[in-house]
Structure formats: structure tokens, C-alpha cells
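Take a look at the letters that make up each chain.
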Amino acid sequence: AAVVVVGAPVAAHLMDSVGRRTVYLVGLGTVALATAAMGAAAPLHGAPFIALCLALRVLQGLGSALEETAAYALVVALVGADEASFYLGVCELSTGLGYMLGPPLGGVLYNAGGFAAPFVALGALLLAAAACIGGALPRSKAANSGSDGVEPPPPPGLLRNARVWALLGACALAN
């Protein structure tokens, strides 16, 4: 959480220079890779284990700051300011689902495959989500302005928009 507090303003600055889409995908990829790498800590003991886990948690926090900040900006770009509060609430719902379902699913994976299994499985799911979202979101037309060229669909049809579901799913997975 402390890294997110420091990283969110950095994410906002980066969105102005490279665009929301890029910041989102880099953040999600960073979270995915750092999460999967946590599985590599299993054979370590003592100080090396602690150091690797702390370093990877800091990296996860940085990635989370990037992806969470950019995800909210992308949702607002998709729906427009008038509809933002409802859809940001839906994002928070997906975050809550991630927090609620993560521990039991992690426990099942741990029982099935040991310490590394939950981290590797979640990292792989996050990378797949990043690839799907990367394909669904349009490339930035004006990267230096932070604009993604995303035209908001009519609000009633928004939940039928695959891009919005992909963002919501990735938020739940990341959390």
C-alpha cells in the first residue's frame, strides 16, 4: 500500500506522457511477473527469502499503482464523466471480489501444488488478461496527451462491452 501511495502520482504523470493504455498494460505486466516470481522464493530460507519477497512486493506495489490508476482513467474514458461514478463502483466491486475469492483459491492451489502454485497460476492468469486487454484496447492516437482514442459507447450498452469486462476481470485478478 505504501508503494501505491508513492506510485500513483508517478502513474498519473506517466499517463500524460505515454498514455493510459501503455501505463495500464505495463502495470498489469509488472504485477503478473512479480507475482509469478514469488514462486521462486520457495527454496530460499532466512534473509534471502525475506529480501526476495520484500523486493517482489515492492515491485507488485509499483505495478498495482500503475494499473489501478490507469484502469480508473480508462474506465472514465470509456464511459465519460457523467457515468463514471457507477462504473467506478463496479470496479470497486471487482476489487472486493478479488480480495474475497483470492485467499480461498490461493489455499486450494497451495494444497494442490505447494508454495509456488498460487503465485505462478495468478501470474499466468494476469499475463493472459494483459494480452487480452492489450488486444481489446485501441492503440493511443495521441500518446503524449494521455488520450487513448477510446470513444465511449452509449451507457446502456456499456456492460455488453468486452473491453469493460476485461478491465473489470483484470482488476479482480490483480487484487
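Values in this document were obtained by computation on a predicted structure and should not be read as measured data.

Q: What exactly am I supposed to notice about a nonpolar patch on the surface here?
A: Taken together, the side chains of Leu93, Leu97, Met100, Leu101 and Leu105 make up a nonpolar region of the molecular surface, amounting to roughly 490 Å² of accessible area. Residue position: Leu101 is located in helix 4 (residues 84–113). In this structure Leu101 comes out as partly exposed when scored by relative accessible area, which is 44%.

Q: Just to check I follow, could you spell out the environment of Leu137 for this structure?
A: Tracing the backbone through its elements, the reader meets Leu137 in the loop between helix 5 (116–136) and helix 6 (162–174). Considered as a pair, Leu137 and Leu167 are 30 residues apart in the sequence and their alpha carbons are 9.6 Å apart. The residues contacting Leu137, other than those within four sequence positions of it, are Arg21, Leu74 and Arg163.

Q: Quick question: what am I supposed to make of the nonpolar core here?
A: One broad trend across soluble globular proteins is that nonpolar side chains are buried collectively. Counting residues in hydrophobic clusters, the biggest one holds 27 residues, and the most contacted among them are Val23, Tyr24, Leu28, Ile133, Leu167 and Ala170. Only helix 1 (2–18), helix 2 (20–38), helix 3 (47–79), helix 4, helix 5 and helix 6 provide two or more residues apiece to this core. Considering each element in turn, this core owes the most residues, seven residues, to helix 3. Residues Ala34, Ala41, Cys53 and Leu56 belong to the second largest nonpolar core, which totals five residues.

Q: For this particular structure, what's the right way to read the packing of aromatic side chains?
A: Within a pair of aromatic rings, the relevant descriptors are the distance that separates the centres and the angle that separates the planes. A full pass over the atoms with the stated rule returns three aromatic pairs. Centroid distance Phe86 to Tyr87: 4.7 Å. Interplanar angle 85°. Geometry classified as edge-to-face. Under the relative-accessibility criterion, Tyr87 is labelled buried at 7%. Within the aromatic cluster, the residues linked to one another by ring pairs are Phe49, Phe115 and Phe119.

Reading guide: rules and limits
- Residue positions within a chain follow its written sequence, with the count starting from 1.
- In keeping with the predicted nature of the model, local features appear solely for residues at pLDDT of at least 70, side-chain atom pairs appear and are counted solely at 80 or more, and the whole-chain, interface and lining totals rest on all residues.
- As a rule here, side-chain values come from all non-hydrogen atoms in the structure, and water together with hydrogens is ignored.
- Without a salt bridge and with relative accessible area above 30%, a residue can belong to a patch; like charges are then joined within 9 Å and nonpolar side chains (Val, Leu, Ile, Met, Phe, Trp, Tyr) within 5 Å.
- Working definition of accessibility: Shrake-Rupley area with a 1.4 Å probe, residue cover restricted to the visible protein chains.
- A side-chain nitrogen of Lys or Arg and a carboxyl oxygen of Asp or Glu constitute a salt bridge if their distance falls within 4 Å.
- Going along the chain from the N terminus, every DSSP run of H or I of four or more residues is numbered as a helix, and every run of E of two or more is numbered as a strand.
- Between buried and exposed lies partly exposed: a residue is buried under 20% and exposed over 50% of the maximum accessible area for its type, with that area taken using a 1.4 Å probe on protein chains only.
- Whether two residues are in contact is decided by their heavy atoms, any of which lying within 4.5 Å being enough.
- Definition of nonpolar core: a set of buried residues of the types Ala, Val, Leu, Ile, Met, Phe, Trp, Tyr and Cys, connected through side-chain atoms within 4.5 Å.
- Aromatic rings from Phe, Tyr and Trp, with only the six-membered ring used for Trp, were paired whenever their centres fell within 6.5 Å, and each pair was classed as stacked if the ring planes differed by under 30 degrees, edge-to-face if by over 60, and tilted otherwise.

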